[in-house]
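Descriptive analysis of the structure
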Amino acid sequence: MLKKLLVVALLALPICVSAQELKFATVNLQAIFQVMPETAAATTALQDKQKKYENELSKMAEELQTKYAAITEQKDSLPENILNARLAELQEIEQRTENFRRMAAEDIQAEQEKLMAPIQEKLMTAVKEVGTEGNYVYVLDENGVVFKGTMTEDITPKVKAKLGIQ
């Protein structure tokens, strides 16, 4: 998509140059996103939630290990029906643990999207405002740019200023 956009821009360049001077800019979105205070707060909240899930999974794994050790120890002395019931219980615990692990991963992913979306939106709004104020034709993310010539301006500092970040 970016390549198509650049090809179209380069093809249209000779036509537009006579009408006005085109201004292009780059911005390092990732660098700005990482230093935004909201990102640090969201990351901390996600880590806290992940730690709670890890603690619960640890307890479940411990329960599984304890039951497995008990079954292994008593395996030869238990009647077959009791052994089968305990093995079924062990499988149930394994399944419950796996379901919890999957649910936890989905919940953390959803929470990450919920927390990060407003931050990304705020960043994009600032980029659009700086782009409009600077009369740029295109603002490209530095991480996706193959070549950066001298006719482009890095507006990362301006976007940081717009967001109140140093």
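A brief structural summary. (Residues numbered from 1 in each chain as written. Predicted model: local features only at pLDDT ≥ 70, side-chain atom pairs only at ≥ 80, totals over all residues. Heavy atoms only, no water.)

All right, on to the packing of aromatic side chains then. Pairs of aromatic rings are described using the distance from one ring centre to the other and the angle between the two planes. On inspection of all chains with the given rule, the structure shows two aromatic pairs. Over the ring of Y136 we find K23; its NZ or CZ atom is 4.8 Å from the centre of that ring. (Phe/Tyr/Trp six-rings, centres within 6.5 Å; stacked < 30°, edge-to-face > 60°. Lys NZ or Arg CZ within 6 Å of the ring centre and 35° of its normal.)

Of all hydrophobic cores here, the largest spans 19 residues; its most connected members are V27, I32, M36, L123, I155, V159 and L163. Looking at this core, the elements that each hand over two or more residues are β1 (24-27), α2 (29-35), α3 (37-74), α4 (80-133) and α5 (156-163). (Core = buried A, V, L, I, M, F, W, Y, C linked by side-chain atoms within 4.5 Å. Buried < 20%, exposed > 50% of the residue type's maximum accessible area, 1.4 Å probe, protein only. Helix = DSSP H or I, 4+ residues; strand = E, 2+ residues; numbered from the N terminus.)

The end-to-end C-alpha separation of α4 is 79 Å, in line with the 80 Å expected for 54 residues at 1.5 Å each. Positive backbone phi, approximately 55°, marks N135, located one or two places after α4. (Expected span 1.5 Å × (residues − 1).)

At a closest axis distance of 9 Å, the pairing of α4 and α5 adopts a crossing angle of 120°. As the angle between them shows, α4 and α5 are arranged oblique. Considering how the two elements wind past one another, α4 and α5 form a crossing that is right-handed. From α4, K122, L123, A126, V127, E129, V130 and E133 reach across to α5, where they touch K158, V159, K162 and L163. In terms of residue class, the contact of α4 with α5 is made up of six nonpolar, no polar and five charged. (Axes fitted to C-alpha atoms, helices over the stretch in contact; angles between N-to-C directions. Parallel < 35°, antiparallel > 145°, perpendicular 65-115°, else oblique. Left-handed = near helix turned anticlockwise from the far one by under 90°. Contact = heavy atoms within 4.5 Å. Nonpolar A, V, L, I, M, F, W, Y, C, P; charged D, E, K, R; others polar.)

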